[in-house]
Amino acid sequence: MRRDDAPPPQASSRRRFIRSGALGVTAAALAAGGVTASGGQAVAALGQPVRPPADGSPVPVTPACSGRETPAAMEGPLFRPESPERTDFRTPAITGVFLSLRGIVYDTACRPIPRALLEFWQCDQHGDYDVSGFSLRGHQYTGADGGYRLETIIPRDYYGRWGRRAPHIHTHVQAPGGPLLVTQLYFPDNTVAYGRDFAALNAQDALINRACTILLNANGSNAYGGRFDFVIKRTVS
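Cut-offs used in this document
Residues numbered from 1 in each chain as written. Predicted model: local features only at pLDDT ≥ 70, side-chain atom pairs only at ≥ 80, totals over all residues. Heavy atoms only, no water. Helix = DSSP H or I, 4+ residues; strand = E, 2+ residues; numbered from the N terminus. Buried < 20%, exposed > 50% of the residue type's maximum accessible area, 1.4 Å probe, protein only. Areas by Shrake-Rupley, 256 points an atom, 1.4 Å probe, with all protein chains shown as cover. Pairing = 2+ DSSP bridges. Salt bridge = Lys/Arg side-chain N within 4 Å of Asp/Glu carboxyl O. Axes fitted to C-alpha atoms, helices over the stretch in contact; angles between N-to-C directions. Contact = heavy atoms within 4.5 Å. Core = buried A, V, L, I, M, F, W, Y, C linked by side-chain atoms within 4.5 Å. Disulfide = S-S within 2.5 Å.

## Describing the overall build of the protein
(1) Moving on: Helices and strands together make up the secondary structure of the protein, namely 1 helix and 11 strands.
(2) Moving on: In sequence order, the secondary structure elements of the protein are arranged as β-β-β-β-β-β-β-β-α-β-β-β.
(3) Moving on: Here the protein holds 237 residues, and the buried ones make up 51% of them.
(4) Moving on: Here the protein displays about 10600 Å² of accessible surface, and carbon together with sulfur accounts for 53% of that area.

Written as structure tokens, this is what we have:
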């Protein structure tokens, strides 16, 4: 296990995206602005009813696609190429707070993108990344409706080379033959996991982009449903 203050692995920090041979173009800068997601937002997984939050705050309607590109973020040093294709990261060793994440990958005209590539990697319930295997790492492709699903856990915070990092999930997203989006997904301030203060962790993370906050819905005593829709370019500019 390793945190991001350790030296990067010797393996290449890029994988080959889209197996047809098209090359991805890594986003070069962090996007500015974007809608701020508040800690009170919540949404159910696709096809499931919304439960009101325990604190009594209202449940917002799932936002429609705006056509605004999802903001980019740094990749970090712990990406590993050649991850397995899978949608479920849960194993007997993964005992954290369960997260069932759903969403759609759209283009900037708000059209769903079939066969878009998504890659996810994250730390575990202790704040550690697996750098010798592929625990909590994997890639998948969207369905005909542009939808994806990921069964995983909420990651822990940890201290790395950029200071205390709030819990986040690293993500690559790419349309077939299109440019590569590198980003990170975050969690609302009112998330309850591992006894951590998510509001304080989010507030002190200098790298956070609130426009990349997952919408959460409590789904039992130790589980959440989540929603995040990506908006990406279909073609290289």
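## What to know about the pairing of strand β2 (residues 117-121)
Walk down a regular strand and you will see the side chains alternate between the two sheet faces.
(1) Moving on: Across the 5 residues of β2, 5 count as buried, placing the element largely inside the fold.
(2) Moving on: A two-sided burial pattern is seen for β2, the buried positions comprising L117, E119 and W121 on one face and L118 and F120 on the other.
(3) Moving on: Relative to strand β3 (residues 137-141), β2 runs antiparallel, the two sharing 5 bridges. Across the sheet, L117 pairs through a bridge with Y141, a residue of β3.
(4) Moving on: Two elements, β2 and strand β7 (residues 169-174), share 5 bridges in a ladder whose sense is antiparallel.

## Concerning the pattern of salt bridges
(1) Moving on: Evaluated as defined, the whole model comprises 12 salt bridges.
(2) Moving on: Note that E69 and K233 form a salt bridge whose closest N and O atoms lie 3.9 Å from each other. In this pair, E69 sits in the segment before β1 (98-107) while K233 sits in the segment after β11 (230-232), placing the two residues 164 residues apart along the sequence.
(3) Moving on: D189 serves as the salt-bridge partner of R210, at 2.7 Å between the closest nitrogen and oxygen.

## Re the sheet that holds β7
Pairing between the strands of a sheet comes from backbone hydrogen bonds, and it takes one of two forms, parallel or antiparallel.
(1) Moving on: Strand order in the open sheet formed by 4 strands is β3-β2-β7-β8, and the pairing between neighbours is antiparallel. Both edges of this open sheet fall to β3 and β8 (180-185), since each of them pairs with a single strand only. Averaged over all pairs of adjacent strands, the angle between their axes in this sheet comes to 20 degrees, without regard to strand direction.

## Digging into the environment of L185
(1) Moving on: Mapped onto the elements, L185 comes out in strand β8.
(2) Moving on: Taking relative accessible area as the criterion, L185 reaches 0% and is therefore assigned buried.
(3) Moving on: Taking the C-alpha atoms as reference points, L185 and P167, 18 residues apart in sequence, are found 8.6 Å from one another.
(4) Moving on: Beyond its immediate chain neighbours, meaning those up to four positions away, L185 contacts L101, P167, H168, I169, T171, C212, I214, F228 and F230.

## Let's talk about the nonpolar core
(1) Moving on: In terms of nonpolar packing, the biggest core is built from 33 residues, with V105 and F230 touching the most fellow members.
(2) Moving on: Elements that contribute at least two residues to this core include exactly β1, β2, β4 (147-153), β7, β8 and β11.
(3) Moving on: The next biggest cluster of nonpolar side chains, apart from the first, holds 7 residues, and it includes W121, Y129, V131 and Y158.

## Considering the state of the cysteines
(1) Moving on: Per the counting criterion, the structure on display carries 1 disulfide.
(2) Moving on: Here C65 is linked by a disulfide to C110, with a sulfur-sulfur distance of 2.2 Å. Because the sign of the S-S torsion sets the handedness, a value of about -85 degrees for the bond joining C65 and C110 places this disulfide among the left-handed ones. Of this pair, C65 sits in the segment before β1 while C110 sits in the loop between β1 and β2, and the two are 45 residues apart along the sequence.
(3) Moving on: For C65, a relative accessible area of 23% corresponds to the partly exposed category.

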